[in-house]
Amino acid sequence: MTAERSAPVFELRDGSVRYGTGSVEAVSQVSVQLHRGEILGLVGESGCGKSTTARAMLGLVPLSGGTLLLHGEPVRRHDRRLRRSVQAIFQNPAASFNPKRSLLDSVAEPLRVHGHGTPAERRRRALAELDRVGITEQLAHRRPREVSGGQCQRAAIARATILRPEILVCDEPVSALDVSIQAQILELLAELRAEQGLAMLFISHDLGVVASLCDRTAVMYAGRVVEQGGALDIAHDPRHPYSVMLQDSVPSLDLAAARAPRVQPTPGAEDVDGRQLAGCRFATLCPSVTTACTTSPPPLRQIAPRHEVACVHPFPSTTPRVAAQPSNTV
Ligand SMILES: Nc1ncnc2c1ncn2[C@@H]1O[C@H](COP(=O)(O)OP(=O)(O)OP(=O)(O)O)[C@@H](O)[C@H]1O
């Protein structure tokens, strides 16, 4: 899969988010660039900040630091351009629909909010959009609880794309679906990318799905992006010790490798008082740690074309790899 390498359509630059009055940042200086027609996978263990990054890019939470840029121009989180250009789909689509309204009404709603057309025109466009994602007119009149999870997610995609956004933020969009339905939704997303040139942020726990769908992958650990590069490079030749651990945690048919992960996962981005570590947040777990790792957070640096790692001692690229298996989760 190739994506145009022009200027990013949308960017979070050095974004940080702090919830409430807590001293701990949920994400710290995270930079994410999305190019037209590109799908960026965002992976990492539960609680590392993936959804917070998504919420920040959608303008749903304020940034405590950093900037959102749309076509290179800074935008504030309540800016109408952001609302229109960046849409989202989530893990549980039924929860984001009004249970009392038909799918058709909900899909037409963004057109009403943005002042498009007459009620009849909006209805016609919503039906066409639903048809495009595989929802018949008969289904369109049902309420969310009267359709399957896959059909509801299709309707959520229609609602997200009806204003022709440039960017789609997908937060675990297939995690709650059966495997066969997952494949259909992923195919639909790939079609939308091809047809409309949509740029997507795709959050998933499924490393196999990310490797097959995405162009690039960013790996997060404890609120920071620790590695990013081509999706296949990250899947087959991860260089950050945490990315290696993540790949090794994918169940493998190679039992010797599965029994002997090279990096053992344990919690540890904070010290005993709950303060965030000054240096690399993976330092307390890392087999390669030296004092150089504990003074300041290592910045992302390029180690190969379009492959960056935030590590003082990245694994060599010749490290024998256990390939990610499709449809396994971390
Ligand atoms: N509304 C909130 N208020 C306070 N802390 C929050 C809130 N939402 C998330 N957090 C904290 O922010 C950190 C990042 O959470 P986030 O949901 O972004 O992680 P995640 O990687 O998306 O996890 P998961 O894969 O489980 O969805 C976690 O420590 C979490 O407890």
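For clarity, every value in this text was computed on a predicted model and none was experimentally measured. (Residues numbered from 1 in each chain as written. Predicted model: local features only at pLDDT ≥ 70, side-chain atom pairs only at ≥ 80, totals over all residues. Heavy atoms only, no water.)

### Let's talk about the site of the ligand
Now for step 1: Around the ligand, the neighbouring residues are Tyr19, Ala26, Glu45, Ser46, Gly47, Cys48, Gly49, Lys50, Ser51, Thr52, Arg55 and His205.
Now for step 2: The contact in question runs from an oxygen atom of the ligand to an N or O atom on the side chain of Ser46, over 2.4 Å.
Now for step 3: Thr52 places a polar side-chain atom, nitrogen or oxygen, 2.5 Å from an oxygen atom of the ligand.
Now for step 4: Partitioning the shell around the ligand into residue classes produces three nonpolar, six polar and three charged. (Near = heavy atom within 4 Å. Polar contact = N/O pair within 3.5 Å; in protein donor to acceptor, adjacent residues only side chain to side chain. Nonpolar A, V, L, I, M, F, W, Y, C, P; charged D, E, K, R; others polar.)

### Some details on helix H5 (residues 119–132)
Now for step 1: With 14 residues, H5 should cover 20 Å at 1.5 Å per step; its first-to-last C-alpha distance of 20 Å lies within 8% of that length.
Now for step 2: All buried positions along H5 are accounted for by Arg122, Ala126, Leu127, Glu129 and Leu130. Down the axis of H5, the sector holding all buried residues measures 165°, keeping them to one side. Counted as exposed and oriented over 90 degrees from the buried face of H5: Arg124 and Asp131. (Helix = DSSP H or I, 4+ residues; strand = E, 2+ residues; numbered from the N terminus. Expected span 1.5 Å × (residues − 1). Buried < 20%, exposed > 50% of the residue type's maximum accessible area, 1.4 Å probe, protein only. Arc of directions from axis to C-beta.)

### Points about the environment of Cys286
Now for step 1: Turning to its location among the elements, Cys286 is positioned in the loop between helix H12 (255–259) and strand S11 (301–304).
Now for step 2: The buried category is assigned to Cys286, whose relative accessible area is 14%.

### A short note on the sheet that holds strand S5 (residues 73–75)
To summarise the sheet geometry, strands pair through backbone hydrogen bonds and adopt either a parallel or an antiparallel arrangement.
Now for step 1: Read across the open sheet, the four strands follow the order S2-S1-S4-S5; overall the sheet is antiparallel. Of all the strands in the sheet, the pair left with one neighbour each is strand S2 (25–34) and S5. Neighbouring strand axes in the sheet, compared pairwise and without regard to direction, differ in orientation by 30° on average.
Now for step 2: The pairing of strand S1 (residues 10–18) with strand S4 (residues 65–70) spans five bridges and is antiparallel. Directly across from Leu12, in S4, lies its bridge partner Leu68.
Now for step 3: Its contacts with the sheet put helix H1 (residues 50–58) on S1, S2 and S4, and the angle it makes with S2 is roughly 60°. (Pairing = 2+ DSSP bridges. Axes fitted to C-alpha atoms, helices over the stretch in contact; angles between N-to-C directions. Contact = heavy atoms within 4.5 Å.)

### Some details on the packing of H5 against helix H7 (residues 149–161)
Now for step 1: At a closest axis distance of 9 Å, the pairing of H5 and H7 adopts a crossing angle of 130°. Relative to H7, the element H5 is oriented oblique. The handedness of the crossing between H5 and H7 is right-handed. In contact with Glu129, Leu130 and Arg132 of H5, H7 contributes Ala155, Ala158 and Thr161.
Now for step 2: Its residues placed into classes, the contact of H5 with H7 shows three nonpolar, one polar and two charged. (Parallel < 35°, antiparallel > 145°, perpendicular 65-115°, else oblique. Left-handed = near helix turned anticlockwise from the far one by under 90°.)

### Side note on the pairing of S1
Now for step 1: As judged from the six bridges shared by S1 and S2, these two strands associate in the antiparallel manner. Counted as the bridge partner of Glu11 is Gln33 from S2.
Now for step 2: Between the end of S1 and the start of S2, which pair antiparallel, lie six residues, with Gly20 showing a positive phi angle near 55°.

### Quick notes on the layout of surface pockets
Now for step 1: Considering only enclosed or pocket space, the largest pocket measures out at about 580 Å³ in volume.
Now for step 2: Of all the elements in the fold, those that place two or more residues in the lining of the largest pocket are helix H2 (80–85), strand S6 (86–89), helix H3 (93–96), helix H4 (103–113) and H7. (1 Å grid on protein atoms, 1.4 Å probe; cavity = no way out; pocket = protein on both sides within 12 Å on 5 of 7 lines; lining within 4 Å. Points joined across faces, edges and corners; volume = space filled by probe spheres on them.)

### Things to note about the confidence of the model for the chain
Now for step 1: Summarising the model, the chain shows a mean pLDDT of 87, and 86% of its residues fall at 70 or more.
Now for step 2: Across residues 252–269, confidence stays below pLDDT 50; counting only partners more than four residues off in sequence or on other chains, it has 35 contacts. (pLDDT = per-residue confidence, 0-100.)

### Here's the deal with the environment of Phe10
Now for step 1: With respect to the secondary-structure elements, Phe10 resides in strand S1.
Now for step 2: Linking Phe10 and Met57, residues 47 residues apart in sequence, is a C-alpha distance of 8.8 Å.
Now for step 3: Excluding residues within four positions of it along the chain, Phe10 makes contact with Val32, Gln33, Leu34, Met57, Leu68, Leu69, Leu70, Leu82, Val86 and Ile167.

### Notes on the packing of H4 against H5
Now for step 1: Where H4 contacts H5, the two axes come as close as 9 Å, and the packing angle between them is 120°. Comparing the axis directions of H4 and H5 gives the class oblique. Of the two possible hands of crossing, H4 and H5 adopt the one that is right-handed. Here Leu104, Val107, Ala108, Leu111 and Arg112 of H4 lie close against H5, whose contacting residues are Arg122, Arg123, Arg125, Ala126, Leu127 and Leu130.

### Side note on the packing of aromatic side chains
Now for step 1: What the rule picks out here adds up to three aromatic pairs.
Now for step 2: Note on Tyr221 and Tyr242: the rings are 4.6 Å apart at their centroids and 50° apart in plane angle, and the pair reads as tilted. Highlighted residues: Tyr221 in strand S9 (residues 216–221) and Tyr242 in helix H11 (residues 241–248), separated in sequence by 21 residues. The residues Tyr221 and Tyr242 share a single accessibility class, namely buried. (Phe/Tyr/Trp six-rings, centres within 6.5 Å; stacked < 30°, edge-to-face > 60°.)

### Concerning the sheet that holds S6
Now for step 1: The sheet built from eight strands is open, its strands ordered S6-S7-S8-S3-S9-S10-S12-S11 with mixed pairing. Taken across any chain shown, the strands that pair with only one partner, and hence form the sheet edges, are S6 and S11. Neighbour-to-neighbour, the strand axes of the sheet open up by a mean angle of 25°, direction not taken into account.
Now for step 2: Here two bridges tie strand S10 (residues 224–230) to strand S12 (residues 307–309), and the two strands are oriented antiparallel to one another. Bridge assignment links Glu227 to a residue of S12, and that residue is Val309.
Now for step 3: Packed on one face of the sheet, helix H8 (residues 179–196) meets strand S3 (39–43), S6, strand S7 (167–171) and strand S8 (199–203) and runs near 155° to S8.
Now for step 4: Relative to S9, H11 is tilted by about 100°, and along the sheet it contacts S3, S9 and S10.

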